2 protein chains.
Amino acid sequence: MTDFANRILRPERDDHPVRSLDDVDFYKFTMLHFIWTYYRKLPVRYECINRKANIPVAQVVDEAELRRALDHVRTLSFSERTLSYLFGQQYYGKNMFPYEFIEALRNLRLPPYTLSTEGDQYVLAFEGEWFEVELWETIALAVVFELYARSLLRRMNTTELCVFYARATDRLYGKLMRLRDVPGLTFADFGQRRRHSFLWQWEAVRMAKEVMGSRFKGTSNTRMAAEHNLMPIGTNAHSLVMAVVAARFSSLMEAGKPEAIRALQYDILDQWAELYGPGVRILLPDTYGTVQFFAGADKALAHEWRGVRQDSGDPIEVGEAVLEWYRGAGVEKPKEAGKLLVFSDGLDVELMIELFERFKDDINVTFGWGTNFTNGFDGLHPTPDAQVPGLSGLLWGEVKWAFSMVCKIVAAGGNPAVKLPDNLAKATGPAAEQERYKEVFGRGGRDIQEVIV
Amino acid sequence: MTDFANRILRPERDDHPVRSLDDVDFYKFTMLHFIWTYYRKLPVRYECINRKANIPVAQVVDEAELRRALDHVRTLSFSERTLSYLFGQQYYGKNMFPYEFIEALRNLRLPPYTLSTEGDQYVLAFEGEWFEVELWETIALAVVFELYARSLLRRMNTTELCVFYARATDRLYGKLMRLRDVPGLTFADFGQRRRHSFLWQWEAVRMAKEVMGSRFKGTSNTRMAAEHNLMPIGTNAHSLVMAVVAARFSSLMEAGKPEAIRALQYDILDQWAELYGPGVRILLPDTYGTVQFFAGADKALAHEWRGVRQDSGDPIEVGEAVLEWYRGAGVEKPKEAGKLLVFSDGLDVELMIELFERFKDDINVTFGWGTNFTNGFDGLHPTPDAQVPGLSGLLWGEVKWAFSMVCKIVAAGGNPAVKLPDNLAKATGPAAEQERYKEVFGRGGRDIQEVIV
């Protein structure tokens, strides 16, 4: 337990937003191992994009402070303790990471960033070899979100800070108790990237473990998993497919082989399965659309992979599509077969409960609860009608503490990277390139929905 | 701001419930000066009495821990800083305390206590010369209440502690905002004796100052007044009259002079007025009943004293009696004449607002807000239906954090001391002696009401 209000009033010298390299999602390590094995030299570019331009991040976050925090990350290297933790990792089976990969991690330093301002937004980008750049994604987001929160928090007086955090504590507890009251419901922390702060995520994880017991399945944050004796949770993310496809998209198109592009999204899964056993095999079908993914997927994936993660589109529709796919692939009873359906898109308590009740009898359901778990502060300021000092026209009650800022891979191998998920509001990549991808992956099965977080 | 939950989990070495001798009500100093001037050698006895026997204090508070805390108080002496603060005190006019009195404070050490157990209750008593014993009263209570709270708090897990304090923070803030929204309403902190803890009182005072600004008039706690740059608030208490009357009651009765006993309650006020100017002249009329007090009071008191404090009886009835007395004494417009009516009995927000609205046009009204300000925790435990560990049959939701424990003067000059206030549930002294007092002070004008705190 931390005295959050006091930590804003009297920050400690080492209160960097990201203070160690293991303060990062565990899926980054499974990804890095994959990248190191197959694509370590692939040049990539990541860019942070604020999807909600009405949040003036560059007005709120001081540039010098942002540079200090990012520069600090560049001074970090993995501790021997972390390297041992990874090398000895047993949750997903023994020896998941080879020693040579651990050696590569030991030598890893994060490459330079470029930071500029466009209007009220920062343009924060990272370029280099994929293996070096990949960690920046969720680290950069965590840095920006924490500095954004701190800048706002410094505009509160002591009482406002105390009451704000008191209410957040009570709100989080209330949500956890609501979840605890639903028998069998489980979840894991997926909230590193848009967390309110390092310390708040730490407390949220601590409280979830105390309230939920073993029904809190773990945290994506590697450091916090270790410190709280929890399972580090993570498998793969969209950038895996996006980078590999982007690197080869143009040449395959020029060669007139769109089917080879479509096949790539599955080839990558085969590469993944060469590295990892079933525990790390969770399908993420929505990179270019869930409908086309399942339509073209080999039935073996339904048997050999542990489950599916839903990260865009209508969760009930996607859930039903997953069940249909399993049955069509001969997995008649996905639940009895141990298949897992992981929801991770814009979750909050009531949605989790609804999805759990809907699918729990047909498949093993769990949740990767992110932003509303680690950054659920909206509406808690004690005087919502008061102006936020220094931000003309903004009232405390209007402040969004978490918003839909992402850090996405925008190029790989010199080609623009594209994401075309079930919710087109989450699509990334140049419009012309998105069109070329639609030619390959089809146009159906996608909607535009409001992006919550 | 303090990390309250953490301070229970990891107490600091010097977290004594009372950690300095100035952590005491300011009225103790005005009283001590009076006692030192007129009655310093009078032998007195104080006893702590739990009016609510259904709260098993001796089951909750460990005897060894209680002894340690009380023994620690006996090691304390006034710091030079505190002595300078008192000698230089200017809120109530210059030079209110003579240097010889400050010298006497410098040499003051608290005398021994006696502690025994009767059933589930402690019997905690203090005997000695009045000047030495007087400070024990509110110090002993603060020690017992804090150890009682700590013992219960140690039975909570970290999440329960965090949520419990979070809710208390939000509740206190809500109360302060409610008071702030009533234009002109003012109050002072009178909550030292039954405070939840030293640290919590400190935070309550801090927050009240920040939320209410100058409408928070100060605190009775001398140390906290100094630390928060607030006015130390206090004048006199019932023990003043009780001790002096008890010391002479028998001899005057034997001499057949009950009228001299009745006169004593006013003679003491004259002695007080010799020492202090109008700022410290607040009448406390209910020691032996407000009706008889006003019936026998010289009209000069209405003019020469600043105001009246209501500490028992129906506050509206007493308030009306005060106004009637002022008008009968020729103070036609008490408000314009600067007269003050201080309510201090079992207050909470709604009652304060009701009393303020009722009397604000007729007299200057303020409040000495005590236990609900510094110890308002009832009903905040996150799982009220769960058992309190180690206290068979008690649920968290049933726990009373503040209860009507008092430390009262029970003898002076070898005679039992008696209090017969407007609420007979707050009466103290042996039944036979109460009867003798009723012969002198009359039987009318008193009720039995439930004692809130």
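Throughout what follows, the structure given in this document is the object of discussion. Source: prediction; values computed, not measured. (Residues numbered from 1 in each chain as written. Chains lettered and ligands numbered in written order. Predicted model: local features only at pLDDT ≥ 70, side-chain atom pairs only at ≥ 80, totals over all residues. Heavy atoms only, no water.)

1. Let's talk about the interface of chain B and chain A
Stage number 1. Each side of the interface is counted separately: chain B has 23 residues, and chain A has 23 residues.
Stage number 2. Between chain B and chain A lies a buried interface of about 1,900 Å² when both sides are counted; carbon and sulfur atoms form 62% of it.
Stage number 3. In this assembly, chain B and chain A are joined by two salt bridges.
Stage number 4. A salt bridge links Asp170(A) to Arg167(B); its shortest N-O distance comes to 2.7 Å.
Stage number 5. Taken together, the links from chain B to chain A amount to nine residue pairs in polar contact (both at pLDDT 80 or more).
Stage number 6. Elements that contribute at least two residues to the side of chain B that touches chain A include exactly helix H1 (4-9), helix H9 (158-180) and helix H10 (198-212) of chain B.
Stage number 7. With 10 residues, H9(B) is the single largest residue contributor to the side of chain B that touches chain A.
Stage number 8. Across the side of chain B that touches chain A, the residue classes tally to 10 nonpolar, seven polar and six charged. (Contact = heavy atoms within 4.5 Å. Buried area = accessible area lost by both parts, 1.4 Å probe. Salt bridge = Lys/Arg side-chain N within 4 Å of Asp/Glu carboxyl O. Polar contact = N/O pair within 3.5 Å; in protein donor to acceptor, adjacent residues only side chain to side chain. Helix = DSSP H or I, 4+ residues; strand = E, 2+ residues; numbered from the N terminus. Nonpolar A, V, L, I, M, F, W, Y, C, P; charged D, E, K, R; others polar.)

2. Focus: the relation of the copies chain B and chain A
Stage number 1. Here chain B sits on chain A after a turn of 180 degrees about the axis and a move of 0.0 Å along it, with an RMSD of 0.0 Å. Both copies are brought into coincidence by an operation consistent with a two-fold rotation axis. Within chain B, the C-alpha atom positioned nearest to the axis of rotation is that of Ala166(B), 2.0 Å from it.
Stage number 2. A symmetric contact is evident, with 100% of the interface residues of chain B recurring at the interface of chain A. (Least-squares fit on C-alpha atoms with pLDDT ≥ 70 in both.)

3. Re the pairing of strand E1 (residues 43-50) of chain A
All names here are of chain A.
Stage number 1. In E1, alternate side chains face the same way, and those of Val44, Tyr46, Cys48 and Asn50 are buried while those of Pro43, Arg45, Glu47 and Ile49 on the opposite face are not.
Stage number 2. As paired strands, E1 and strand E3 (residues 121-129) are joined by six bridges and run antiparallel to one another. Of the residues in E3, the one forming a bridge with tyrosine 46 is phenylalanine 126.
Stage number 3. Sheet topology note: the E1/strand E10 (residues 405-412) ladder contains seven bridges and is antiparallel. Bridge pairing in E10 places cysteine 48 opposite cysteine 407. (Buried < 20%, exposed > 50% of the residue type's maximum accessible area, 1.4 Å probe, protein only. Pairing = 2+ DSSP bridges.)

4. Quick look at the side chain of Lys28(A)
Residue and element names in this part refer to chain A.
Stage number 1. Checked against the element boundaries, lysine 28 lands in helix H2 (residues 27-38).
Stage number 2. A polar atom in the side chain of lysine 28 sits 3.3 Å from the side chain of tyrosine 27.
Stage number 3. Apart from the residues within four sequence positions on either side, lysine 28 is in contact with Tyr46, Glu134, Leu135, Glu137 and Thr138.

5. Let's talk about helix H19 (residues 431-441) of chain A
Residue and element names in this part refer to chain A.
Stage number 1. Among the residues making up H19, those that are buried are Glu433, Gln434, Tyr437, Lys438, Val440 and Phe441. Seen end-on, H19 carries its buried residues on one side only, within an arc spanning 160 degrees. Among the exposed residues of H19, those oriented more than 90 degrees off its buried face are Ala431, Ala432 and Glu439.
Stage number 2. As for H19, its buried residues are in contact with helix H12 (238-254), helix H13 (258-275), helix H14 (290-296) and strand E11 (415-416).
Stage number 3. Positive backbone phi, at 90 degrees, marks glycine 442, one or two positions downstream of H19. (Arc of directions from axis to C-beta.)

6. Topic: the pattern of salt bridges
All names here are of chain A.
Stage number 1. Here the structure, examined in full by the defined rule, presents 62 salt bridges over all chains.
Stage number 2. Among the ionic pairs, glutamate 203 bridges to arginine 206, the shortest N-O distance being 3.0 Å. Highlighted residues: glutamate 203 and arginine 206, both in helix H10 (residues 198-212), separated by three residues, approximately one helical turn. Taken as a pair, glutamate 203 and arginine 206 share a single burial class, namely buried.
Stage number 3. Among the charged side chains, a salt-bridge network with shared partners connects Arg7, Glu12, Asp15 and Arg19.

7. Description of helix H17 (residues 349-359) of chain B
Residues and elements named next belong to chain B.
Stage number 1. Along H17, the residues that are buried comprise Val349, Met352, Ile353, Leu355, Phe356 and Phe359. One face of H17 carries all of its buried residues, which in axial projection span an arc of 165 degrees.
Stage number 2. On the buried face of H17, the contacting elements are H9, helix H16 (315-328), strand E8 (340-343) and strand E9 (364-369).

8. Some details on the packing of helix H9 (residues 158-180) of chain A against H10(B)
Stage number 1. For the pair H9(A) and H10(B), the least separation of the axes is 9 Å and the interaxial angle reads 120 degrees. When H9(A) is examined against H10(B), the residues Thr158(A), Thr159(A), Cys162(A) and Val163(A) are found in contact with a partner set consisting of Glu203(B), Arg206(B), Met207(B), Glu210(B) and Val211(B).
Stage number 2. Of the residues that constitute the contact of H9(A) with H10(B), the class distribution is four nonpolar, two polar and three charged. (Axes fitted to C-alpha atoms, helices over the stretch in contact; angles between N-to-C directions.)

9. Some points on the sheet that holds strand E6 (residues 282-283) of chain B
All names here are of chain B.
Stage number 1. Spatial strand order, E5-E4-E9-E8-E7-E6: six strands in an open sheet with parallel pairing. Where the open sheet ends on each side, the last strands, each with one partner, are strand E5 (216-219) and E6.
Stage number 2. Pairing geometry for strand E7 (residues 307-310) and E8, over four bridges, is parallel. From the neighbouring strand, glutamine 310 faces E8, where its bridge partner is phenylalanine 343.
Stage number 3. Docked against the sheet, H10 engages strand E4 (187-189) and E5, running at close to 160 degrees with respect to E5.

10. Points about unusual backbone geometry
Stage number 1. The backbone phi angle of Asn95(A) is positive, close to 55 degrees, even though this residue is not glycine.
Stage number 2. Here Asn95(A) lies in the loop between helix H5 (80-87) and helix H6 (99-106).
Stage number 3. Here the phi dihedral of Asn229(B) falls at roughly 55 degrees; this positive angle occurs in a residue that is not glycine.
Stage number 4. Tracing the backbone shows Asn229(B) in the loop between helix H11 (222-227) and helix H12 (238-254).
Stage number 5. Classification of Asn229(B) as exposed rests on a relative accessible area of 61%.

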